[in-house]
Amino acid sequence: MTHSPKLLLILNLAGSIALLLWGSYMVRAAVEKAYSAKIGAFIAGAAGSRLKSFLCGLVSALILQSTTATVMLTTSFITSGLLSLGIAIVIIIGADLGSALATRILFLDLSFLSPLLLLSGLCFHRFARTWRGQQLGRIFIGVGLMLLSIQLIKQVIAPVANQPIPAEILALLDSAAWLGLILAALFTWLAHSSVAVILVIASMAEVGLLQPPLFIATLLGANIGSGLIALLLVNRRHVETYSAALANFVMRLTLALAAFMLSFMLIRWVGKFGGSGGIQVINMHIAYNLALALMFIPLNNAVARFSKWLSGLGKQDGLAPDSHAPGSSLDPEFVNKPKLAISCARREAFRLADNTEALFGKALQMFDAADRLIIEQFIEKDKEINARNKAIQRYLSETRRHIRKQNDSNGNHERHERHEQRLDEILRFSTTMENIGDVVSHNLARLAIKRIDRGLVFSPEGEEELSRIHARTLNLIQLEITYFATGNFASVGEGSRKSKRRLIESINQLGQASIAQHRLRLSARKSSSIGTSSIHQDAVRDMLQVVGYISHIELS
């Protein structure tokens, strides 16, 4: 059976690009899973100078290898009220440059590292004792695949680059550079990875397949598409969040169109961006994002105001009337009335807590499930908890904004401080309840699926220990909800605080004793304990993690 050389070329090129995209996704997903909390805390602490915020965004994007991931993390802190829109825009500009620098690192001739990274990643993923160590293995494998795919793309297209291209095709490409810009923008959006697309463009330019007029156009198109990704992912109903992504898109679009109009000048200067075609593309990409930073960082507050106006802030006043699910207690008409808004937010947080209590109360049922469908139902229920918490965060952010505006106008600082304290209590409580739901849907659900896949059964002693720890942890959750229902954590008496501390200590002691007893059963070579060893210990640690979340809620 004969195959068309052109068809094989297309399939090989498509497969190499797919490998590059998959490697990029593996790196981004593993970093987000293992280190998103630390990166998030790093971003949240960037509310200082413009330089500090810019560097924070740059470093975060270098680690995540994704502007979009950094934008999504940053906008989540706008929702929570931890970052202003102006500072968020500076962080995002830094992320744009950080992502460009990541492409420069990946485009270095590091092909010798690819097999080493793949082998190291496999060893980490296979033999690491911690979940974070396994994710580190995925990061190594992802980077190894990206480096390998870049070499494959160059090898696939090198023979084509050495062949004469028909004059008709060259004439079409030269006369329709705008078409390359549009197609590159669309492909970047579809691929959801500007890093991968820029590397493909650079690889094609490296072997001479793309000449300056076209690689300039596709490079600018990829930068437009990069801004489009986050714009279509963020929540449009929260105006400041949407404004941050919109500002990024408008800045990138404005500069890209201006550069495209002046591309006849860029063609003359292209030699100054490096030696080979690929290096020229990467360096131009870095220069584009550096120009973006120099142009717009000094104007970040003006850009923030313009993007708010463009998002229609004046019409929506922060929250769209339909921004909440049916039955929600969050009334958008009360965001400018602190007492009523706090009451609404408390009721919604209490409803969220009821959902969390019900989800955790049935968590051990996942370990009795016969198939994955039952476990997937638990995961779906946690999605409602996450959605409610995000709605609460948006609502509290808007309420806080109105409180501070009123504080500036009437100067009643003491009353406004009390209101902000209530907002902080609700935010801590609802976030804690969401974290507990995540433990069930992410950690315990993963363990339950592992038990099904391996056909394992807990020993009667191990099952009894898990049930005891689970029951007491559920009591602790219910106690925390009761404290919240009193209306003020400060009203909780010292006796109740001591009861809570004793309950926490007893659960921790039960957990440590269960792990010790399980190890004794392992040393006795009990078959059921050997099979479920890692699952049992991880389940105990996950429930102790729930205890840790609750123990860190401030009671005063």
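See the structure shown above.
The rules we used
Residues numbered from 1 in each chain as written. Predicted model: local features only at pLDDT ≥ 70, side-chain atom pairs only at ≥ 80, totals over all residues. Heavy atoms only, no water. Helix = DSSP H or I, 4+ residues; strand = E, 2+ residues; numbered from the N terminus. Buried < 20%, exposed > 50% of the residue type's maximum accessible area, 1.4 Å probe, protein only. Contact = heavy atoms within 4.5 Å. Areas by Shrake-Rupley, 256 points an atom, 1.4 Å probe, with all protein chains shown as cover. Core = buried A, V, L, I, M, F, W, Y, C linked by side-chain atoms within 4.5 Å. Axes fitted to C-alpha atoms, helices over the stretch in contact; angles between N-to-C directions. Nonpolar A, V, L, I, M, F, W, Y, C, P; charged D, E, K, R; others polar. Expected span 1.5 Å × (residues − 1). Patch = residues over 30% accessible without salt bridge, like charges linked within 9 Å, V, L, I, M, F, W, Y side chains within 5 Å. Salt bridge = Lys/Arg side-chain N within 4 Å of Asp/Glu carboxyl O. Phe/Tyr/Trp six-rings, centres within 6.5 Å; stacked < 30°, edge-to-face > 60°. Lys NZ or Arg CZ within 6 Å of the ring centre and 35° of its normal. Parallel < 35°, antiparallel > 145°, perpendicular 65-115°, else oblique. Left-handed = near helix turned anticlockwise from the far one by under 90°.

Draft legend 1. Fine view of the overall build of the protein. The number of helices and strands found in the protein is 22 helices and 0 strands. When each of the 556 residues of the protein is scored for burial, the buried share is 51%. Contacts in the protein between residues far apart in sequence, at least 24 positions, make up 81% of those at least 6 positions apart. Approximately 25,600 Å² of the protein is accessible, and the part contributed by carbon and sulfur atoms is 61%.

Draft legend 2. Representation of the nonpolar core within the structure. Counting residues in hydrophobic clusters, the biggest one holds 89 residues, and the most contacted among them are L20, F54, I89, I93, L199 and F215. Tallying contributions element by element places helix α4 (residues 85-106) first for this core, with 11 residues. If sequence neighbours within four positions are ignored, F54 has contacts with V90, I93, G94, L97, A293 and I297. Grouped together as the second largest cluster of nonpolar side chains are 58 residues, V335, L359, Y395 and L474 included.

Draft legend 3. Focus on the packing of helix α9 (residues 194-206) against helix α13 (residues 277-296). α13 packs onto α9 with a crossing angle of 145 degrees between their chain directions and a minimal axis gap of 6 Å. Residues I198, I201, A202, A205 and E206 of α9 form the contact with α13, whose participating residues are G277, G278, I279, V281, I282 and H285. In terms of residue class, the contact of α9 with α13 is built from 7 nonpolar, 3 polar and 1 charged.

Draft legend 4. Layout of helix α10 (residues 212-233). Under the 1.5 Å per step criterion, the end-to-end length of α10 is 32 Å for 22 residues, consistent within 8% with the ideal 32 Å. The buried fraction of α10 amounts to 18 of the 22 residues, a majority that puts the element mostly inside the structure.

Draft legend 5. Looking closely at a nonpolar patch on the surface. Judged by side-chain polarity, W178, L179, I182, L183 and L186 come together as a nonpolar surface patch covering roughly 470 Å² of accessible area. Tracing the chain through its elements places I182 in helix α8 (residues 177-191).

Draft legend 6. Spatial organisation of the side chain of D438. Relative to the helices and strands, D438 is located in helix α18 (residues 413-454). The contacts of D438, once residues within four sequence positions are left out, are D382, N386 and N443.

Draft legend 7. Looking closely at the packing of aromatic side chains. Evaluation of the coordinates by the stated rule reveals 4 aromatic pairs. When the ring of F124 is compared with that of F140, the centres are 5.5 Å apart and the planes differ by 80 degrees; the resulting orientation is edge-to-face. Here F140 lies in helix α6 (residues 131-161) and F124 lies in helix α5 (residues 113-127), a separation of 16 residues in the sequence. Of the residues examined, F140 reaches a relative accessible area of 24% and is grouped as partly exposed. The aromatic ring of F484 is capped on one face by R346, whose charged end is 4.2 Å from the ring centroid.

Draft legend 8. Looking closely at the packing of α4 against helix α11 (residues 239-261). Put simply, α4 and α11 touch, their axes get as near as 10 Å, and they point 45 degrees apart. Classified by the angle between their axes, α4 and α11 sit oblique to one another. Both α4 and α11 take part in a crossing whose hand is right-handed. Across from L85, I89, I92, I93 and D96 in α4, the residues of α11 making contact are E240, S243, A244, A247, N248, M251 and R252. Each residue belonging to the contact of α4 with α11 can be placed in one class, and the counts come to 7 nonpolar, 2 polar and 3 charged.

Without other data, these values stay purely geometric and don't point to any function.
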